[in-house]
Amino acid sequence: IPFPVETLISEPWTLAVKPFQVSPQTYYVSGQKWVGAYLIDTGDGLILIDTAIPESVYLLVDSIYQLGYKPTDIKKILISHAHFDHMGAAMAMKQLTGAPLYISKEDAAFIEACEEETYIPDSGSHVQHIDKFDFFYDDDTRIELGNISIRTMLTPGHTIGCTSFFWEEKNPVTGDVYTVAMHGGVGANTMNDEYYSTSKYLTPDLRDRFFADADKVAGIHVDIALPSHPNQIKIMDKAGTYTHESQPYLDETVWADFMRERVRQVKVLM
């Protein structure tokens, strides 16, 4: 388990960060700087993307309150992929909010077949087992709430069912419309030969699929690129500076550069 995760499990307060806005309707709310979670205000309820781990869930909940919302304002919870650092607190948030859980059918099967590679019980985290997911993603059917319409894209590699999210938001001051996106997961730690030699479920063809899809994914126009881990795309350095007029995270070059860099890293670590 990487060192920052050990810290997040044992002393989450040392990684604490206040919630901050990243786009006209989206906020970083995981409450800590190791793994991200995002809250989208659709105008008719909230969508939460990822939950992080149980040990930091109090920071997530506090972030929601700090922004002036309540957990029960959350109407949908979307899970990006089947690793405990992104879904470990999913059941706590489901119980607290009453919102349904979404995941890809591929990663739901991965969890059921291989808890040691998804829940990772030897991590030390008190991961809560998910009794059931309510909905599976369908890339041909958007997830809609209020004025937000999220397009999902199966982007396997890091896991078999890793899912990326794309949606549009309108700047209420300028009227400009931005495409916001979060890739479901690009970690090279599960796309190398050492991992494949011990995995009971993931195979090298997933890495091949990641490479094959990379140009297509990089070619999608994205105005505001959000990381699932904030060490992958720099957003912390501008935390708290957002205004509709300044748009500090607006940069259409970031997404493609991010994808190319992740491909490079996976190739280096093969």
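Residues numbered from 1 in each chain as written. Predicted model: local features only at pLDDT ≥ 70, side-chain atom pairs only at ≥ 80, totals over all residues. Heavy atoms only, no water.

> I would appreciate a short explanation of the pairing of strand β5 (residues 74-78) in the present structure.
For a regular strand, side chains alternate in direction, first toward one face of the sheet and then toward the other. Burial analysis of β5 places four of its five residues in the buried class, which makes it a mostly covered element. Of the pairings in the sheet, the one linking strand β4 (residues 46-49) to β5 comprises four bridges and is parallel in character. Among the inter-strand pairings, L48 is bridged to a residue of β5, identified as I77. Following the chain from β4 across helix α2 (residues 57-66) to the adjacent parallel β5, one finds a crossover that is right-handed. Pairing of β5 with strand β6 (residues 101-103) involves two bridges; the strand directions are parallel. Each bridged residue has a counterpart across the sheet, and for I77 the counterpart in β6 is L101. (Buried < 20%, exposed > 50% of the residue type's maximum accessible area, 1.4 Å probe, protein only. Helix = DSSP H or I, 4+ residues; strand = E, 2+ residues; numbered from the N terminus. Pairing = 2+ DSSP bridges. Right-handed = clockwise from strand over helix to strand, strands pointing away.)

> Is there a simple way to think about the sheet that holds strand β10 (residues 163-170) in this case?
Sheet strands associate in pairs through backbone hydrogen bonding, adopting either a parallel or an antiparallel arrangement. Taking strand neighbours across the sheet as the criterion, the five strands line up as β8-β9-β10-β11-β12 in an open arrangement whose pairing is mixed. Each having just a single partner strand, β8 (143-145) and β12 (224-226) make up the two edges of the open sheet. Here the strands of the sheet are splayed against their neighbours by 20° on average, with no regard to which way each runs. In the sheet, β8 pairs with strand β9 (residues 148-154) via three bridges, with the strands oriented antiparallel. Among the inter-strand pairings, E144 is bridged to a residue of β9, identified as S149. (Axes fitted to C-alpha atoms, helices over the stretch in contact; angles between N-to-C directions.)

> Explanation requested: the environment of T190 in the structure shown.
The residue T190 is located in the loop between β11 (177-182) and α7 (193-198) in this model. As for T190 and Q95, which are separated by 95 residues in sequence, their C-alpha atoms are 30 Å apart. Ignoring anything within four residues of it in the chain, the contact list for T190 reads H83, G157, H158, Y195, Y196 and L202. From its side chain, T190 meets the backbone oxygen of H158 in a polar contact 2.6 Å long. (Contact = heavy atoms within 4.5 Å. Polar contact = N/O pair within 3.5 Å; in protein donor to acceptor, adjacent residues only side chain to side chain.)

> Looking at this model, I keep getting lost on the packing of aromatic side chains. Mind explaining?
How two aromatic rings sit relative to each other is given by the distance of their centres and the angle of their planes. This model, assessed by the stated rule, comprises 12 aromatic pairs. Geometrically, the ring pair formed by F20 and Y28 is stacked, given 5.0 Å between the ring centres and 15° between the ring planes. Per residue, the accessibility class of F20 equals that of Y28, and both read buried. Here Y137 and F165 contribute two aromatic rings whose centre-to-centre distance is 5.7 Å and whose plane-to-plane angle is 75°, an arrangement assigned as edge-to-face. On the criterion of sequence distance, the pair formed by Y137 in the loop between β7 (135-136) and β8 and F165 in strand β10 is long-range, its members being 28 residues apart. By relative accessible area, Y137 is classed as buried at 9%. A relative accessible area of 0% places F165 in the buried class. The cationic tip of R151 hangs over the ring face of F166; the distance from NZ or CZ to the ring centre is 5.0 Å. Cation over ring: K267 sits above F211, and NZ or CZ is 5.3 Å from the ring centre. (Phe/Tyr/Trp six-rings, centres within 6.5 Å; stacked < 30°, edge-to-face > 60°. Lys NZ or Arg CZ within 6 Å of the ring centre and 35° of its normal.)

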